[in-house]
Each structure stands twice: as C-alpha cells, then as structure tokens.
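# Remarks on the overall topology
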Amino acid sequence: MLQSALKYLCLSSLLITVIISCSPTHKYTLRKTGVVRDSDIHSIVNKEHSLLFKAGISVYNKYYTGLIVLKQTDSITSHLVFITELGMKMFDFQIQNNELKLMHVFEPLNKPKIVKLLESDLKLILLQNLFNKEAEVFEEKSGVNSIYQITTGKLKNYYFINTNTKTVDKTIVKGKVFTKKKVNYIYNDSLNPVRIKLKHKGFIRLKIELTNISTK
Amino acid sequence: MRKKKSFLTSLPSGKGRNYYPLSFLFLACALVLLPFGEGGRGFAQTAYQSVKDTVSLKSKISNMSNQTKSIESDFIQMKNLSMLSEKITSKGHFWFQKQNNLRWEYSEPYKYTIVINKDKILIKDENKVKKYDMNSNKVFKEINDIMISCINGDILNSNKFKIQYFENDKTYKLELIPGNKAMKESLKKINMYFDKNVTSVIKLDMIEPGGDITTIDFNNKKLNAAISSEIFMLK
C-alpha cells in the first residue's frame, strides 16, 4: 500500500516537474501585470507604408501561393489582402480595434472552417491578441528578452519580446500541456518583418509563410 | 500519404462552377488572339464610340491571328487595389508559340512561371516545379479550349462572352463581358486595346466586380521569331 502511494507520489512529482519545465516562462521572473499598450510592442503593420509579402498558405492539403498586402488605410483601420501572382483577389480582411473582419473571400476559400482558421491565424500573426489585453510580463535575468503571457480560456499565448527593439520574435500558443501553434518572425534593420512563419502542431494542417518583398 | 495540391488543381470544378484564376484565362485568350505592340502606356484616352463595321474588324483580327505563329514580349502587370489605393507592379516576359505553347514568367518582384506545353501545365514557384495534366482537370481543359477558339477566331462568336467593339482616333477597344454566372462573380469585364491598324494588342484591363483592376502593358515585342522548344519546358 505504502509502496504504491510512493510510486504515485513520485510519478505526480515527475509530471509536475515536466509540466513546469515545459512552460516557456520557467527561466523568467514575473515583473508586472498590466494592459499591453501600442507603445509597448512594435507593430507588424507599418503606419508609414504598405508591406508586400510573397505568401504560401498550406491548408487542408491545398496549397495557395500569391502576394499579401498589409496596409494601414486610416488611423484605426488596416487591411490584409491576399491576391494570386496573376492578380486575382483571394481574400481581404479589415483590421480594426484588434478584430479582423472578412470583407471579401474567393468562393473556393469561402468555407466557415477555413475562414475561421485563417482569421484566427492572421490575428495571431498580426499580434491582435496582444494589444489592449491584460498580460503577465516575465523578464529574463539579463533583461534582453521578456515574455508577455496572455490567457484566453484554456489557451495561453506567449509572446517572446526583444526588449531593445520591442519586436515579437516568437509567439507560442499552448493548451494545458501541448503547443498548438508557433509563429516565428525575422526583422530587417527598419524593424519590418522580412519573414514570418506560422505552423500548427497536431491535427490541424495549416502553415503560413510570408516573405517580405516590399521595395521600400 | 496524400499529395499536396496546388491552388490550380485544388479548385472545385463541379456544380457548374469553374474557379480557375480568370485573369489567367483571359490573359491566355488575349495572348493567342493577337500579337502585341509597342507603346501600351500613355496613349491618349479620348472618348470611345461603338465600331460601326464590326464585320470588317473581326475579319482583320482573324487574319492577324492566322498570320501569327509566335510572339515574345515583355510585360508590366499592375494590380490596382481600389479600396487600399494600392498598386502592385510586377514585371516579366512571355513566349507564345502555336498551337499550344505558352510561357508566362514573372521576374520582379517575385519569380513565378506558368508554362502550357500542349497537354501539360507546369508551374515554377521560386525553385519548386509542379506538373499537371491538362486533361485531368476540367478547368485546365476549358482554358485549353478557349485558347484554341482564340487561335481560330471562334472566341469572337463565343457565347461565353458578350463582346462590344469601340474605337477612338488611336485605338480599338474590345469589351468582353462574361456570360457565365461563375465568371461574373470574379470578373466584371475585360478590356483589350489594340492599335488602329490591328497589328497588336497594347494593353489589357481586367476589371473585378469590386472595382479592382489588373492592367497589363506589353512592350519589346518580337513577332514570328524562332523560339527554342526548351522555353516551354521547366526544370
């Protein structure tokens, strides 16, 4: 009886240790909790000029390539438009108040499951789940990197921030145990993203890869 | 393991709808219909009036189509996203050879090539090449049929488009309005401009229902020059 209790205790401790060590913040210290303001993080949308990306979107065994235009059209509105290389518009999302609104979608993509996924993933890429949200801010000892943790229902979003540039280098979306999505960013000297890569883990087969080809 | 499909093959062709990128479809049509000339940009936009003698114009177009064996030209494509007041410009080169060979190649600001080689369609995106069989896909087959009807001039009598003929002092303008409901959802109209001697297409406008326009200007044309068969291959 005592032996099985000990065995259970050991396994539980091991499991707790594994879960804690799996948390992205385990080597970081909680510094503060507060609402994330625009000035805290460098935005993906450039307020001065549009960004043009070569895009590859792989969703449910279908592969779409084309161009994505990201442009702020007024002080509170931006648009993300996906067109094929040959010029046909595939979808257009309006971004306002950290929400995405579908303005146009080409018929083959107009399926609730695909639209919902795209909306959710583009929102994640554009950091719309970060701004104006209550976040726990963890900091590394060196102070160079920090993590903003935002909890939404059962999911936790971890934003890895370069404290010097205020850019998000990586985003991880985790369930209770497993990572669900991962976004990686690489920036140029002007702090515009040159490469963005989103990948789902598990059953959802969706991948978005963007390469900046803007001339500005 | 299921093979990953491209945009082209993944499009549903059932239920009476064909979702192939219509811009390409019309482009293919225009490419094989007429040779292309210089000076697509900057011609004066005076008022257009309906062409009175459409029979004569159709005949000129048909004659030219018959005389054209091959075309090679540079192109500049400008996509105007009306809501964003944003223009995306891409440049490239194309080759066409009768009967069924076409290479449409973007070089700036991205590399993307489509080749139609008889019954094969090849797409090169950066360094990845994908091959498709024209006959395996209803949409590809339709494109091919439209191309053929462009070559033999039947497109001008096609019930797929309502065609209107206009002219001003410098150019003719053909307005092609899709008759098919599925096409209409994606494309409102295509305008083809060509010089008054009917020697060449100088510009194409593809107008979407939402007001976005794709304009293609052609320049540095070579007509009926020899083209190596290797051009219509992709490695």
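Going by the structure above, here's the rest.
Described in the following lines is the structure provided in the data block.

## Thoughts on the overall build of chain A
From N to C terminus, chain A includes two helices and 13 strands. By the burial criterion, 49% of the 216 residues in chain A qualify as buried. Nonlocal contacts in chain A, meaning residues at least 24 apart in sequence, comprise 43% of its contacts between residues at least 6 apart. Accessible area of chain A: about 11300 Å², with a carbon and sulfur share of 56%.

## Observations regarding the packing of aromatic side chains
Residue and element names in this part refer to chain B. By the definition in use, this model includes 13 aromatic pairs over all chains. Relative to Tyr 112, the ring of Tyr 106 lies with its centre 6.5 Å away and its plane at 50 degrees, an arrangement referred to as tilted. Residue class for Tyr 106 comes out buried when judged on its relative accessible area of 1%. Sitting above the plane of the Tyr 48 ring, Lys 173 keeps its charged end 4.8 Å from the centroid. Over the face of the ring belonging to Tyr 172 we find Lys 196, whose NZ or CZ atom lies 5.1 Å from the ring centre.

## Notes on helix H3 (residues 54-67) of chain B
All names here are of chain B. In this model, H3 (14 residues) spans 20 Å end to end at C-alpha, consistent with the 20 Å of a helix rising 1.5 Å per residue. All of the buried residues along H3 are Leu 57, Ile 61, Met 64 and Ser 65. The arc that holds every buried residue of H3, seen down its axis, measures 105 degrees, which confines them to one face. For H3, exposure combined with an orientation more than 90 degrees from the buried face picks out Val 55 and Gln 67.

## Here we look at the side chain of Asn101(B)
Relative to the helices and strands, Asn101(B) is located in strand E5 (residues 101-108). At 3.5 Å, the side chain of Asn101(B) and the backbone nitrogen of Lys118(B) are in polar contact.

## Some words on the pattern of salt bridges
Overall, the coordinates contain 13 salt bridges over all chains when judged by the stated rule. We note a salt bridge from Glu139(A) to Arg31(A), for which the minimum N-O separation is 3.3 Å. With Glu139(A) in strand E7 (residues 134-139) and Arg31(A) in strand E1 (residues 29-35), this residue pair connects regions lying 108 residues apart in the sequence. Here Glu167(B) ties to Lys196(B) by a salt bridge, and the two come within 3.1 Å at their closest N and O atoms. With a gap of 29 residues between them, Glu167(B) in strand E9 (residues 161-167) and Lys196(B) in the loop between strand E11 (189-195) and strand E12 (201-207) connect regions that are remote in the sequence. On the basis of relative accessible area, Lys196(B) is assigned to the partly exposed category, the value being 28%. Here the residues in one salt-bridge network are Lys54(A), Glu85(A) and Asp125(B), joined through shared partners.

## Describing the environment of Glu175(B)
Residue and element names in this part refer to chain B. By the element assignment, Glu 175 lies in strand E10 (residues 171-178). Residue Glu 175 is classed as buried on the basis of its relative accessible area, which comes to 9%. Sequence spacing of Glu 175 and Phe 161 is 14 residues, and the spatial spacing of their C-alpha atoms is 9.2 Å. Setting aside residues up to four positions removed in sequence, Glu 175 forms contacts with Lys 162, Ile 163, Gln 164, Phe 166, Lys 189, Ile 190 and Asn 191. Within polar-contact distance, the side chain of Glu 175 engages the side chain of Lys 173 at 3.1 Å.

## Regarding the pairing of E12(B)
All names here are of chain B. Burial analysis of E12 places seven of its seven residues in the buried class, the great majority of the element. Sheet topology note: the E11/E12 ladder contains six bridges and is antiparallel. From the neighbouring strand, Lys 189 faces E12, where its bridge partner is Ile 207. Bridging between E12 and strand E13 (residues 213-223) involves five bridges; their strand directions are antiparallel. By the bridge assignment, Ile 207 is partnered in E13 with Ile 213. Between the end of E12 and the start of E13, which pair antiparallel, lie five residues, with Gly 211 showing a positive phi angle near 100 degrees.

## So, a positive patch on the surface
All names here are of chain A. A cluster of basic residues, Arg 195, Lys 197, Lys 199 and Lys 201, forms a positive patch at the surface. In this fold, Lys 197 is placed in strand E12 (residues 193-200). The exposure class assigned to Lys 197 is partly exposed, which follows from its relative accessible area of 40%.

## Quick look at unusual backbone geometry
With omega at -5 degrees, the peptide bond leading from Glu108(B) into Pro109(B) counts as cis. Along the polypeptide, Pro109(B) turns up in the loop between E5 and strand E6 (112-117). One non-glycine residue, Asn132(A), lies in the positive phi region at around 65 degrees. The topology assignment puts Asn132(A) in the loop between helix H2 (112-125) and E7.

## Examining H2(A)
Residues and elements named next belong to chain A. For H2, built from 14 residues, the straight-helix expectation of 20 Å at 1.5 Å per residue is met to within 8% by its first-to-last C-alpha distance of 20 Å. Among the residues of H2, Ile 114, Val 115, Leu 117, Leu 118, Asp 121, Leu 122, Lys 123, Leu 124 and Ile 125 are the ones counted as buried. Following H2 by one or two positions, Leu 127 has its phi on the positive side, about 65 degrees.

## As for the environment of Asn63(B)
Considering the arrangement of structural elements, one finds Asn63(B) in helix H3. Sequence spacing of Asn63(B) and Leu204(B) is 141 residues, and the spatial spacing of their C-alpha atoms is 20 Å.

## Considerations on the sheet that holds E12(B)
All names here are of chain B. The 12 strands are arranged E2-E9-E10-E11-E12-E13-E3-E4-E5-E6-E7-E8 in an open sheet whose pairing can be described as antiparallel. Each edge of the open sheet carries a strand with a single partner, namely strand E2 (49-50) and strand E8 (128-133). Taken strand by strand, H3 contacts E9, E10 and E11, and its axis lies near 90 degrees from that of E10.

Thresholds, definitions, all that
- Residue numbering note: each chain is counted from 1, following its sequence as written.
- As a convention, the first chain written is A and the first ligand written is 1, with the rest following in written order.
- Two thresholds apply to this predicted model, a pLDDT of at least 70 for residue-level local features and 80 or more for giving and counting side-chain atom pairs, whereas whole-chain, interface and lining totals are computed over all residues.
- By convention in this description, side-chain values take in all heavy atoms of the structure and omit both hydrogens and water.
- Secondary structure elements are taken from DSSP: a helix is a run of H or I of four residues or more, a strand is a run of E of two residues or more, and numbering for both begins at the N terminus.
- Partly exposed describes any residue whose relative accessible area lies between the buried limit of under 20% and the exposed limit of over 50%, with all areas from a 1.4 Å probe on protein chains only and scaled to the type maximum.
- Contacts are assigned to residue pairs with any non-hydrogen atoms lying within 4.5 Å of each other.
- Calculation of accessible area relied on Shrake-Rupley with a 1.4 Å probe; when residues are assessed, cover is drawn exclusively from the protein chains displayed.
- Paired rings are identified among Phe, Tyr and Trp, the last through its six-membered ring, by centres lying within 6.5 Å, and are further divided according to the angle between planes into stacked (under 30 degrees), edge-to-face (over 60) and tilted (the rest).
- Each ring is checked for a lysine NZ or an arginine CZ that lies within 6 Å of its centre and within 35 degrees of its normal; such an atom marks a charge sitting over the ring.
- The span expected for a helix works out to 1.5 Å for each residue beyond the first.
- By definition, the arc is the one covered by directions from the helix axis to the C-beta atoms.
- Under this definition, polar contacts are N or O atom pairs within 3.5 Å; protein pairs additionally need one hydrogen-donor-capable and one acceptor-capable atom, and for neighbouring residues in sequence, both atoms have to be side-chain atoms.
- Salt bridge, as used here: a side-chain nitrogen of Lys or Arg that lies within 4 Å of a carboxyl oxygen of Asp or Glu.
- The rule for pairing is simple: two strands pair if DSSP sees at least two bridges between them.
- Note on patches: the residues involved have over 30% relative accessible area and no salt bridge, like charges join within 9 Å, and the nonpolar side chains Val, Leu, Ile, Met, Phe, Trp and Tyr join within 5 Å.
- This count recognises Lys and Arg as positive and Asp and Glu as negative, with His and chain-terminal groups excluded.
- Where a charge lies is defined by one atom per residue type: Lys uses NZ, Arg uses CZ, Asp uses CG and Glu uses CD.
- For every element, the axis is a line fit to its C-alpha atoms; helices are fit only across the contacting stretch, and the angle between N-to-C directions ranges from 0 to 180 degrees.

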